[in-house]
Structures are given as C-alpha cells and as structure tokens.
Amino acid sequence: MRRLSAGLAACTFLLATAACGSSDSGSSGGSSSSGGVTTVKLGLIPIVDVAPVYLGVQKGFYEKHGLKLSITTAQGGAAIVPGVVSGQFQFGFSNMTSLMVAQSNNVPVKAVSNGIASTGVQGKDFGAITVKKDSPITSAKDLEGKKVAINTLKNINETAVRESVRKAGGDPDKVRFVELAFDQMPAALAGGQIDAAMVVEPALATVKSQGGVEIASPLVDVAPNLTVAMYFTSTQYEQKNPAVVKKFQEATAESLAYADAHPDEVRQIVTTYTKIPASVLAQVTLPEWPAEADRASIEALERLGEQDKLFKTAPDLDKLLP
C-alpha cells in the first residue's frame, strides 16, 4: 500500500535507542542486543491495522519477550518490502498481495505473524469504496469510466475493487485507477478530483464524517474473512535469528489477542500515531485480528492476482506462509 514515489516517512521510536538510517552490523542482520534485550526495526503503515503493535509496546508485551521496537512509518507494504530485504528493517507489515508479488519474483520474504483480517460483513468492513454525498454512482458497476483512487496501483486494493466491479456486473478494465495516499483521499473526494476512493480506516471514517457514502466492501468481495496483511521478515534473517523471530511472533500474537479484546484501547492508541480526531475515531470500524491467517482466503486473493496479471509466476504459499 503506497504511492509511486513512496518514500519512508517520519521515524517514530518506541522504547528504542537505534536511530533511523543505517543499521548496526553483525550476525543479527541489523538488530542490536543490550542486556538480554534485542532492538529490532519494524516498518509499519500509519493506519488502524497496526494498532496491536503499538498497544503491545505500551503494555510491555514486546519488552516481556526481550524485544524493543524501533518503528518507522511508510506509505505502504511495497515500500516496506525492500527495506526488510535490505536489512533496513528486521520486520515489516505488508498486505498479502505485496508479499505474494515479492515471493513470485524470488524476493526472499517470509510471513511470520498474522496481521489483520476483513470483518467479512458487507457494509461493515474497515475498507470500502466511497463516493461523495449525492453522487450518481450507486454501485461498483457505475465505476466504469470513472476515476477511482487506490493507494497503490497493481496491488491488493486494485484487485479488490476490480472484483467488486465484476460482481456488480461491470467491466473492471474500464475503471480509471489513480494512485493516492489514504490520508489524501477524503479531501480529493470532497473536492471532486476523484469520483470514488477505496479507503481503509481511519480515512474511511473521515470520508463518512464529510457525508461520503459507501457503495461496496471490496475486501469482503474477495473472500469471506480475508487475511489482508501479515508481519514478515527476510528469509535470511529468519534463518540467522530464529530465536528473535520466535520472540516477535509470541509478542505479536499476544498483542493481537489483546487488541481484539480491547477495542476502546485500540481507538485510543490510534490517536498516538495518526492525526485522526477522537470524534471521527469513535466512528471507525475496526478490522479483525485473528491469531492465525486464513489460507483459503489468501488462495482466493492469489487467484484474482493471477487473473489481474500481477504475478510473473504463481507465488509459492508454502514457502511464504508460516
């Protein structure tokens, strides 16, 4: 999830001493240890999806497992993948399409922990196609010939929107996709620069607060309970640092479970790393944070990706998934 020129944005550090930029050298591949605590760099997207990690830091779950996180935010998963592979980050958060594209191109990535899932409920998901109030567009079929904003071309949200258009009886090849950051979509939609936007929370709540209307739930259209994103590392880092990877998996699993059980705390923590007002945040639809990925839904996303010609060769899910 990101724009064409997406660079890595501002650094946010939580319980970390490492600076943004060059990594420490050594067998840990960039992570550093001090007094039994390992500092690892984590690339995230500043959206609701990653709230469990921030909660996990706040609650001490990562520290309990011997980890300190240095968090850097990026526009999306495609920007994070090369950072992880190069060793700039030890772990990252990315949607499944970005990970499958990378794996199909022999980029050495390995998913290690579940990230988020769709709610599976039409009209009540954390991602949606939205239009302005009083727009003549009332269904995904009406997007033919229209300018639709997605955060990254040829990625998960384009695949999802295309599937919504197909299911509504339209031709997805007639949709004019444009690339725009999620946080820029509400203003662009309100200002008429685009006809529709595929937004995720918290931008979805912002659009609705401006009178925007939801016309489809693309992630739900892809598959019931779609596994949308996962946390990952490089295969090299996993092989060299299995103990650190296990600590990250355990701390993240604890964080996911806590977030799923404490939605009010999720909404509060989101205010610490996004600019969304508390009044809008109260309207945010939270994703699901299950402990395990749903392989059947990932396979459905893979089939659609192949149909949309996103992969040079079919991804090997056995190698990619935990």
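A brief structural summary. Computed from a predicted structure; not experimentally measured.

1. Description of the overall build of the protein
Secondary structure summary: the protein contains 14 helices and twelve strands in total. Taking all 322 residues of the protein together, the buried fraction comes to 56%. Contacts spanning at least 24 positions in sequence make up 79% of the contacts within the protein whose residues lie at least 6 apart.

2. Comments concerning the packing of aromatic side chains
Throughout the structure, instances matching the rule amount to seven aromatic pairs. Measuring from ring centre to ring centre gives 4.0 Å for Phe91 and Phe248, while their planes differ by 5°; the resulting arrangement is stacked. On the criterion of sequence distance, the pair formed by Phe91 in strand β5 (residues 91-95) and Phe248 in helix α10 (residues 242-261) is long-range, its members being 157 residues apart. Each member of the pair, Phe91 together with Phe248, is buried. Taking the centre distance of 6.1 Å and the plane angle of 70° together, the rings of Tyr231 and Phe248 count as edge-to-face. With Tyr231 in strand β12 (residues 227-234) and Phe248 in helix α10, this pair connects stretches of sequence that are 17 residues apart. With respect to class, Tyr231 is no different from Phe248; both count as buried.

3. A closer look at the packing of helix α1 (residues 51-59) against helix α11 (residues 263-270)
Orientation of α1 relative to α11, taken along the N-to-C sense of each, is 95°, at an axis distance of 9 Å. Taken together, the axes of α1 and α11 are roughly perpendicular relative to one another. When α1 is examined against α11, the residues Ala51, Tyr54, Leu55, Gln58 and Lys59 are found in contact with a partner set consisting of Glu265, Val266, Ile269 and Val270. Residues belonging to the contact of α1 with α11 are distributed by class as follows: six nonpolar, one polar and two charged.

4. Describing the sheet that holds strand β9 (residues 176-179)
Note on sheets: strands pair through backbone hydrogen bonds, and any given pair is parallel or antiparallel. The mixed open sheet is built from five strands, whose spatial order is β9-β8-β10-β7-β11. On the outer flanks of this sheet lie β9 and β11 (213-216), each paired with one strand and no other. Strand-to-strand, the axes of this sheet are offset by a mean angle of 35°, without reference to chain direction. Both strand β7 (residues 127-131) and strand β10 (residues 196-200) contribute to a ladder of four bridges, which runs antiparallel. Within the sheet, the bridge partner assigned to Thr130 lies in β10 and is Ala197.

5. Structural notes on the packing of helix α5 (residues 156-167) against helix α13 (residues 295-307)
Two numbers describe how α5 lies on α13: the axes approach to 10 Å, and their chain directions differ by 85°. By the angle between their axes, α5 is roughly perpendicular relative to α13. Here Ile156, Thr159, Glu163 and Arg166 of α5 come into contact with α13, specifically with Leu301, Leu304, Gly305 and Gln307. By residue class, the composition of the contact of α5 with α13 is three nonpolar, three polar and two charged.

6. Let's talk about the pattern of salt bridges
Summed over the entire model, instances satisfying the criterion amount to ten salt bridges. Close ionic contact of Asp308 with Arg162 constitutes a salt bridge, the shortest N to O distance being 3.0 Å. Of this pair, Asp308 sits in the loop between α13 and α14 (317-320) while Arg162 is found in helix α5, placing the two residues 146 residues apart along the sequence. Here Asp308 matches Arg162 in class, with each residue buried. Notably, a salt bridge pairs Arg166 with Glu163, separated by 3.0 Å at the nearest N-O pair.

7. Details of the layout of surface pockets
Within this model, the second largest pocket holds a volume of roughly 230 Å³. Residue lining of the second largest pocket: 14 residues in total, with Val112, Asn114, Ala291, Glu292 and Pro322 positioned closest to the centre. When contributions to the lining of the second largest pocket are tallied by element, the ones reaching two or more residues are β6 (109-117), α10 and α13. Here the lining of the second largest pocket is composed, by residue class, of nine nonpolar, three polar and two charged.

8. A look at the nonpolar core
Formed by 102 residues in total, the largest nonpolar core has its most connected members in Leu42, Leu44, Phe91, Met96, Leu143, Val270 and Trp289. Counting residues per element, this core draws most heavily on α10, which supplies seven residues. In contact with Leu42, other than residues within four places in its own chain, are Val53, Leu69, Ser70, Ile71, Thr72, Phe89, Phe91, Gly92, Tyr231 and Phe248.

9. A closer look at the environment of Ala140
Relative to the helices and strands, Ala140 is located in the loop between β7 and β8 (147-150). On the accessibility criterion, Ala140 (4% relative accessible area) is buried. Sequence separation between Ala140 and Ala216 is 76 residues; the distance between their C-alpha atoms is 6.5 Å. Dropping the residues within four chain positions of it, Ala140 is found in contact with Ser164, Val165, Ala168, Ile215 and Ala216.

Procedures and definitions
- Residues numbered from 1 in each chain as written.
- Predicted model: local features only at pLDDT ≥ 70, side-chain atom pairs only at ≥ 80, totals over all residues.
- Heavy atoms only, no water.
- Helix = DSSP H or I, 4+ residues; strand = E, 2+ residues; numbered from the N terminus.
- Buried < 20%, exposed > 50% of the residue type's maximum accessible area, 1.4 Å probe, protein only.
- Contact = heavy atoms within 4.5 Å.
- Phe/Tyr/Trp six-rings, centres within 6.5 Å; stacked < 30°, edge-to-face > 60°.
- Axes fitted to C-alpha atoms, helices over the stretch in contact; angles between N-to-C directions.
- Parallel < 35°, antiparallel > 145°, perpendicular 65-115°, else oblique.
- Nonpolar A, V, L, I, M, F, W, Y, C, P; charged D, E, K, R; others polar.
- Pairing = 2+ DSSP bridges.
- Salt bridge = Lys/Arg side-chain N within 4 Å of Asp/Glu carboxyl O.
- 1 Å grid on protein atoms, 1.4 Å probe; cavity = no way out; pocket = protein on both sides within 12 Å on 5 of 7 lines; lining within 4 Å.
- Points joined across faces, edges and corners; volume = space filled by probe spheres on them.
- Core = buried A, V, L, I, M, F, W, Y, C linked by side-chain atoms within 4.5 Å.

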